[in-house]
Protein chains: 2
Amino acid sequence: MKVAIQGEAGSFSHEAARRMVPGCDIVSCARSVEVFDRVQRGSVAAAVIPIENSLAGSVTEHFDLLLARQVFIEREFLLRIVHNLIAPPGVRRADLRRAYSHPVALEQCRDFFVRNPKIQPTPFYDTAGSVKHVIESGLRDAAGIAGAQAAKVYKGHILAAGIEDDKRNFTRFFLVRKTRRILPGANKTSIAFSVKNIAGALFKALAVFALRDISLTKIESRPLRGRPWEYVFYADFLRGDDQPARNALRHLGEVADLVKVLGIYPAA
Amino acid sequence: MKVAIQGEAGSFSHEAARRMVPGCDIVSCARSVEVFDRVQRGSVAAAVIPIENSLAGSVTEHFDLLLARQVFIEREFLLRIVHNLIAPPGVRRADLRRAYSHPVALEQCRDFFVRNPKIQPTPFYDTAGSVKHVIESGLRDAAGIAGAQAAKVYKGHILAAGIEDDKRNFTRFFLVRKTRRILPGANKTSIAFSVKNIAGALFKALAVFALRDISLTKIESRPLRGRPWEYVFYADFLRGDDQPARNALRHLGEVADLVKVLGIYPAA
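This structure is a prediction, so every number in the text was calculated from the model and none was measured. (Residues numbered from 1 in each chain as written. Chains lettered and ligands numbered in written order. Predicted model: local features only at pLDDT ≥ 70, side-chain atom pairs only at ≥ 80, totals over all residues.)

Asks: Just checking my understanding: could you explain the domain arrangement of chain A for this structure?
Replies: Bring the parts together and some accessible area is lost; that lost area is often taken as the interface size. Split into domains, chain A comes out as domain 1 (2-79 + 169-177), domain 2 (84-160) and domain 3 (188-265). Between the C-alpha centres of domain 2 of chain A and domain 3 of chain A there is a distance of 42 Å. (Domains from an automatic or database assignment.)

If you want it as structure tokens, here you go:
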């Protein structure tokens, strides 16, 4: 089964895809729009995309693509983010003067750099890409910081594992397909909606859930692309495809300009 | 007046700071926490920070720092984001084979790369930093993509101006100070609040505004740092420091665990 991810092989998306679809073939895409294009064209069976990190927040581009494209969330998965110091074979820890990684990953490993002042944190545009870079460039004084999958893919050595400061660092991933499929046990729904005027209208929109004792687990406003400071709302609630949820969504249709069900799936 | 910004000189934050505080001295900080540290210590008079982009969404780290630190928003400002192709002096457009910039900026200039297939978009960790890099490295076949301020700071030549696809690209900036000051004409308030259980509780929290006809212009949930999947809400509403706003905030205090006023300021 072919699964598209955004970014280099060896990334956290790669790790999540392997865990969600064991034995899948990874199709690595440079940009997120390509990932969604491939799902819609059917050149891959599914995509695995990060949607939210417990420290860094939402991957807003992916919310926007879920709204814009005809795709459907089938599953969610929580991946513990473990950062590792990965060097070319033969390079020792004492040799290191620089560690490349994405600025967010460097920021999440601050204590490591305080304890290792000889190693300079060096921003790079991607975590797995930083490992690829140090290994393909044959650097002898540099390492990359990335998930363990990057060491496997680029044949690097893990010189230090789990160097992130905060162990409560999780990323939530979605498995996305072209066709709508609701798995048994689906008890969570992701929706997007927009309302004319945010004042009383958002209050009315939330009433459709509150009046039916349906728990929202997330709500986020996002600017509408190309319409500065107009917003669409992304929300998750804890119900599957049952009668109260259908009633709430019908009611939401009365007060909202746009309602789209992005997926109904088992809560991770 | 000293104003701290995150990132290299020549960045969009630098442009915004110059527009908000003409003649200010820029203090460039590598990390956002340093920016807030300096404001709290008093080693700068203020900071100018990006908070939200109309295409890319919120700068979530800055919302979290506004909540965590004892600082106060005094003003907001909307900067039109204009991307420019900036090369070392003497380099001609026909010489270019690569253009470095932050992946978000490269993505916002897609049409330019379609029209100029000989120029390869190359990810770099920072927009202004990419201009600094091509000029300091003396590259003869590369440019950076950044705001016009970067050309001024690093003495680069703008070979093409306004190469972004979507002209409706704005970033909202805050001027942040250590002490609370409410300017004349302040008619907008930013708050953070958290509620015990998101279900009915968020609905009750929004009721305090809806019942008083107070317009919310933004609401966003953010995970609480280190407490996976617990949320704090950031909201803006269109009132200054008047009686209805005070009543609403007192009422919000009855239904929310935490309420913090982040700032009261004139709407941009």
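So that's the structure; there's more coming.
Asks: What am I meant to see in the nonpolar core here?
Replies: When a protein is soluble and globular, its nonpolar side chains tend to lie buried together. Residues Ala47(A), Val176(A), Ala47(B), Val176(B) and Leu206(B) are the most contacted members of the largest nonpolar core, which totals 111 residues. The leading source of residues in this core is helix H8 (residues 198-210) of chain B, at eight residues. Apart from residues no more than four positions distant in its own chain, Ala47(A) is found in contact with Val3(A), Ala4(A), Ile5(A), Val35(A), Phe36(A), Val39(A) and Val176(A). Formed by 52 residues, the second largest nonpolar core is a distinct cluster that contains Cys109(A), Ala142(A), Ala143(B) and Ala151(B). (Core = buried A, V, L, I, M, F, W, Y, C linked by C-beta atoms within 7 Å. Buried ≥ 20, exposed ≤ 12 C-beta atoms within 10 Å, placed from the backbone. Helix = DSSP H or I, 4+ residues; strand = E, 2+ residues; numbered from the N terminus. Contact = placed C-beta atoms within 7 Å.)

Asks: Can you walk me through the environment of Phe124(A) in this structure?
Replies: Its place among the elements puts Phe124(A) in the loop between strand E8 (120-123) and helix H6 (127-136). Assessed through the 25 C-beta atoms surrounding it within 10 Å, Phe124(A) is described here as buried. Measuring from C-alpha to C-alpha, the distance between Phe124(A) and Ala99(A) comes to 9.4 Å, with 25 residues separating the pair along the chain. When residues no more than four places from it in sequence are discounted, the contact partners of Phe124(A) are Tyr100(A), Ser101(A), His102(A), Gly129(A), Ser130(A), His133(A) and Tyr125(B).

Asks: I tried to follow the confidence of the model for chain A on my own but got confused; where do I start?
Replies: Low pLDDT means the predicted atomic positions in that stretch should not be read closely. Of the residues in chain A, 97% reach a pLDDT of 70 or more, and the chain-wide mean stands at 92. Per the prediction output, this complex has pTM 0.84; the corresponding ipTM is 0.75. (pLDDT = per-residue confidence, 0-100.)

Asks: Before we go on, may I ask you to explain the sheet that holds E8(A) in this structure?
Replies: Sheet strands line up and pair through hydrogen bonds in the backbone, either parallel or antiparallel. Residue and element names in this part refer to chain A. Pairing is mixed in the open sheet, where five strands are placed in the order E8-E7-E9-E6-E10. For this open sheet the edge positions go to E8 and strand E10 (157-160), each flanked by a neighbour on one side alone. Between one strand and the next, the sheet's axes are offset by a mean angle of 40°, whatever the strand orientation. Inspection of the sheet shows strand E7 (residues 98-101) paired to strand E9 (residues 142-146) by three bridges, in the parallel sense. By the bridge assignment for E9, Arg98 is matched with Ala142. (Pairing = 2+ DSSP bridges. Axes fitted to C-alpha atoms, helices over the stretch in contact; angles between N-to-C directions.)

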